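Take a look at the letters that make up each chain.
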2 protein chains.
Amino acid sequence: MKKHSVLILGGDGFCGWPTALRFSSLGAAVTVLDNGARRSIDAALGTQSLVPIRNLHDRVEEWADVSGRRILHRHVDLAEDYPALAELLRSTHFDTVLHFAEQRSAPYSMLSTGGARYSVDNNIRATHNLLAALVETGSDAHLIHMGSIGVYGYATTDLLLPEGYLKIRAQGADQREIEKEILYPGQPESIYHMTKMLDQHLFAFYAHHYGMRITDLHQGVVWGTQTTETRRAPGLTNRFDHDPVFGTVVNRFMLQAIEGKPLSVYGSGKQTRAFIHIEDMLTCLTLAAETAPARREKVRILNQFSEICSIANLAALVSRVTGAPISHVDNPRQEPAENELDVDRTTYRTLGVKPRRFTDLLGAELADLPGLLGRSDPPCAPDLERSA
Amino acid sequence: MKKHSVLILGGDGFCGWPTALRFSSLGAAVTVLDNGARRSIDAALGTQSLVPIRNLHDRVEEWADVSGRRILHRHVDLAEDYPALAELLRSTHFDTVLHFAEQRSAPYSMLSTGGARYSVDNNIRATHNLLAALVETGSDAHLIHMGSIGVYGYATTDLLLPEGYLKIRAQGADQREIEKEILYPGQPESIYHMTKMLDQHLFAFYAHHYGMRITDLHQGVVWGTQTTETRRAPGLTNRFDHDPVFGTVVNRFMLQAIEGKPLSVYGSGKQTRAFIHIEDMLTCLTLAAETAPARREKVRILNQFSEICSIANLAALVSRVTGAPISHVDNPRQEPAENELDVDRTTYRTLGVKPRRFTDLLGAELADLPGLLGRSDPPCAPDLERSA
């Protein structure tokens, strides 16, 4: 990553911030843009990261003190301030643009008309402004976008979910069978996931018409909070979302266990999802940036996850480690009650990623959490080896 | 259409205005919203309708004088003024909402970054605001949207283009073949057509999750200018676009013939397109409004066109009627040099639509045009019977 210039859009968020630190740590020149939306939404919802986090300016200063490396950062709203984006791309050469600048909560996008409208307005405009600005400024940057496994949808998993493209057969105009490769015909279950599906179509258009190099990463649910870099100083701490809108099921279970409460499984718990530990995410992002499709190639779509697990099995794992009981509650989400999930991850396997699983890391994460939260002891000692 | 309450979004445009008059003429209570964008873009491009047209207020007054029927109209920007839209839907019951409120020129969307960004920002936000407002206000209106045959794309026409949905076979997770019906995997060739493809995915989502009744009309190139209603008074005249951005190939050829210039065929002329006469469009729209999918049905997608014709054949037809010579010029558009086109139109055939073709109406349109343009005589007498 040395001599590599990287622009990170949404670099103040849960995925963006540790990514900025990782690329900076590897020697890349890192610039972060963020509009502060994730913090503003927290304020509007009356919640905040359960772990105190510094503002972007202070975080970046702390990183400079700790590492001797300077991350440039600017407050820019991609959806609203196209000229600022275009000016930056005109004045600075970037090898890689990492695009995390989207509203990223499925529940938020389904909570209210305002949430749905904000998700579409922000996400589609941010993505399309970025594509338009890259074309207008003649940038040859490799664009890496954070997609979601949810773009495929969970209602139709009688198919092995491929890496973005599906081989199909259909009847041709002359009654003969035609074979084609198409973008996977996803059926997203939230407006948020829908925006990432629309993004994917925009990427396909821009790659085809303007020869752009684009990688779309359909990622599973990220879990784990801190990374090698965020642990280097208290001011670098990454956010821990615990509210029902932005907090994931893993955070909910870990926190419930720490607090001695039952693990609340929504519905049957037979909803099956893909998960990835935050350190694996950083490994994958680094590999995605080190490799790239050629110009005029189709969009490269990679499935980025470490393991597949049902919610009930995840609860059982956390329960085994912590002794927490499990309770089933009515599912507040609109999603299939249960689903199979079989997802191709050939590319990262070929690139040598060795996924770390819940059984490898859950104990350590649970042991860390009380300290992060400023509490003295976990309610029970995590001991995965013994209980697993 | 009596006792039918109809909201027409973009009701000041080339398709919207004659539609408003037709529905009003049939006894519907018609409300028109428009943001005046089509006129503003003309001003920005330094062009205007070749036939003088009145402003929306005057047109509506003229229609009231002529017909005794009052069309309500308001200046509202769907993309920018969500509260005005929601307030209208809350205060007025509509049986049908006809959505034409989108930037509708493929060349405009590909001319500049500004054109591309405006097309995405306006079209996606207008459509999504409308969907969100219908859900928020509890409206049960049947939403009819003007799509485009170009959503399918012209590069992949080895398939019979179906009415929106394609039956496919693919390999399932357990190696067995799976059959599915999916939204046709389109490959639009302009940002404009891309926006209508993204619209289609938004419609599928809202129909599935909120049970909305939605019809998406994939229409061919509309030709012809005036309708039964717009002919009733000079103040009702519909626009005639002749510029290279908004003018269609049919208008270009007709105008070139009238002016005694060669008909300029872009490239080989083997690009094949679907066309529909404006009177047939009104017939189709009326039928679409009189029928509707049920709640919780999938989006009804209809192909709306009268005939399929290559550009070279269209030029030959105009040439036969007018004697105008034909010249081939370099194609300024990014599109396949030639394509087959085979499109299903079962639904409108079943509903009894008898399409009117170029050979039926070209002579009359050519005879009308000089009068509309305020010129005394066409340069040569259209006589299709003799020359065809």
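Our subject in this report is the structure included herewith. Bear in mind the structure is a predicted one, so any value in this text is a computation, not a measurement. Residue positions are given per chain, counted from 1 along the sequence in the order it is written. Ligands are numbered from 1 and chains lettered from A, in the order in which they are written. Note on the predicted model: pLDDT of at least 70 is required for a residue's local features to be given, and 80 or more for side-chain atom pairs to be given and counted; whole-chain, interface and lining totals, by contrast, use all residues. Hydrogens and waters are ignored; side-chain quantities use all the structure's heavy atoms.

We now examine the sheet that holds strand β9 (residues 221-223) of chain A. All names here are of chain A. Strands sit in the order β9-β11-β13 across an open sheet of three strands; the sheet is mixed. At either margin of the open sheet sits one strand with a lone partner, and together these are β9 and β13 (307-310). Strand after strand, the sheet turns through a mean of 45° between neighbouring axes, direction not considered. Strands were regarded as paired on the criterion that DSSP finds at least two bridges between them. We count a stretch as a helix when DSSP gives it H or I for four or more residues in a row; a strand needs E for two or more, and each element gets its number in order from the N terminus. Bridge analysis of β9 against strand β11 (residues 272-277) gives three bridges, and the strand direction is parallel. Across the sheet, residue W223 finds its bridge partner in β11, namely H277. Angular values range over 0 to 180 degrees, each being the angle between N-to-C directions of two axes fitted as lines to C-alpha atoms, with helices fitted over their stretch in contact.

Residues and elements named next belong to chain A. One open sheet accounts for seven strands, arranged β3-β2-β1-β4-β5-β8-β12; its pairing is parallel. Sheet topology places β3 (72-75) and β12 (300-304) at the edges, where each strand pairs with a single neighbour. Sheet twist, expressed as the average angle between the axes of neighbouring strands with direction ignored, equals 15°. Bridge count between strand β2 (residues 29-34) and β3: four bridges; the pairing is parallel. Bridging from a neighbouring strand, L33 pairs with R74 of β3. The sheet contacts of helix α6 (residues 113-136) involve β1 (5-9), β4 (96-99), β5 (142-146) and β8 (214-219), and relative to β4 the element is tilted by about 170°. Residues count as neighbours in contact if any of their non-hydrogen atoms are within 4.5 Å of one another.

Attention shifts here to the relation of the copies chain B and chain A. Its rotation angle being 180°, the transformation that places chain B on chain A also includes 0.0 Å of axial translation and leaves an RMSD of 0.0 Å. Between the two chains, the operation in question is that of a two-fold axis. Relative to the rotation axis, the closest C-alpha in chain B is found at R169(B), a distance of 2.6 Å. Most of the interface of chain B is mirrored in chain A, where 100% of its interface residues again form contacts. Alignment of the copies relies on least squares applied to C-alpha atoms, considering only residues that score at least 70 for pLDDT in both.

On to the state of the cysteines, then. All names here are of chain B. Only a pair of cysteine sulfur atoms within 2.5 Å qualifies as a disulfide here. The final tally for this structure, using the stated rule, is zero disulfides over all chains. With no disulfide of its own, C284 has C15 as its nearest cysteine by sulfur position, at a separation of 12 Å. Categorising residues by exposure relies on relative accessible area from a 1.4 Å probe, with only protein chains included: less than 20% of the type maximum marks a residue as buried, more than 50% marks it as exposed, and the intermediate range marks it as partly exposed. In this structure C284 comes out as buried when scored by relative accessible area, which is 2%. With no disulfide of its own, C309 has C284 as its nearest cysteine by sulfur position, at a separation of 18 Å. Note on C309: relative accessible area 8%, which makes it buried.

So, on to the nonpolar core. For our purposes a nonpolar core is just a set of buried Ala, Val, Leu, Ile, Met, Phe, Trp, Tyr and Cys residues, chained together by side-chain atoms within 4.5 Å. The biggest cluster of nonpolar side chains holds 108 residues, and the ones touching the most others in it are V97(A), L143(A), V97(B) and L143(B). Among residues more than four places away in sequence, those in contact with L143(A) are V97(A), H99(A), L130(A), L131(A), L134(A), F203(A), M212(A), R213(A), I214(A) and T215(A).

All names here are of chain B. In this model, helix α10 (residues 311-322) (12 residues) spans 16 Å end to end at C-alpha, consistent with the 16 Å of a helix rising 1.5 Å per residue. Restricting attention to buried positions, one finds in α10 the residues I311, L314, A315, L317, V318, S319, V321 and T322. One or two positions beyond α10, positive phi appears at G323, with a value near 80°. A helix's residues, less one, multiplied by 1.5 Å, set its expected span.

It is worth spelling out the interface of chain B and chain A at this point. Taken together, the contact pairs 45 residues of chain B with 45 residues of chain A. Defined in terms of a 1.4 Å probe, buried area is the accessible area two parts forfeit on being brought together, summed over both. Here chain B packs against chain A, burying approximately 4100 Å² in sum over the two surfaces, 64% of which is carbon and sulfur. For chain B, the biggest contributors to the area lost against chain A are R117(B), R169(B) and F205(B); these three give 14% of the whole. Here, a salt bridge means any Lys or Arg side-chain nitrogen found within 4 Å of an Asp or Glu carboxyl oxygen. Where chain B packs against chain A, one counts two salt bridges. Notably, a salt bridge pairs E177(A) with R169(B), separated by 2.2 Å at the nearest N-O pair. Polar contacts, as used here, are pairs of N or O atoms within 3.5 Å; protein pairs need one atom able to donate a hydrogen and one able to accept it. Residues neighboring in sequence count only if both atoms are side-chain atoms. There are six residue pairs in polar contact (both at pLDDT 80 or more) connecting chain B and chain A. With 11 residues, the top contributor of residues to the side of chain B that touches chain A is helix α6 (residues 113-136) of chain B.

A few words now on helix α1 (residues 16-25) of chain A. Residues and elements named next belong to chain A. The element α1 is largely enclosed, with a buried count of nine among its 10 residues. G16, W17, P18, T19, A20, L21, R22, F23 and S24 are the residues of α1 that are buried. Its buried side turned inward, α1 meets β1, β2, α3 (56-67), β4 and α9 (278-290). After α1 finishes, the residue G27 shows a positive phi value of roughly 100°.

Our focus in this paragraph is the environment of G36(B). Examined against the element boundaries, G36(B) turns out to sit in the loop between β2 (29-34) and α2 (37-45). Taking relative accessible area as the criterion, G36(B) reaches 18% and is therefore assigned buried.

Turning our eyes to something else, we now look at the pattern of salt bridges. Side chains that differ in sign of charge can pair as their charged atoms come close. Inspection of the entire model under this criterion finds 42 salt bridges over all chains. Here E62(A) and R54(A) are joined by a salt bridge, their closest N and O atoms 3.1 Å apart. Looking at R54(A), the relative accessible area reads 37%, which means it is partly exposed. Residues R22(B) and E279(B) are paired through a salt bridge, measuring 2.9 Å at the closest nitrogen-oxygen approach. In this pair, R22(B) is assigned in helix α1 (residues 16-25) and E279(B) in helix α9 (residues 278-290), connecting sequence segments 257 residues apart. Each member of the pair, R22(B) together with E279(B), is buried. A network of salt bridges, in which partner residues are shared, links R38(A), D42(A), R104(A), R239(A) and D241(A).

Everything listed here is a matter of geometry and, on its own, says nothing about what the molecule does.
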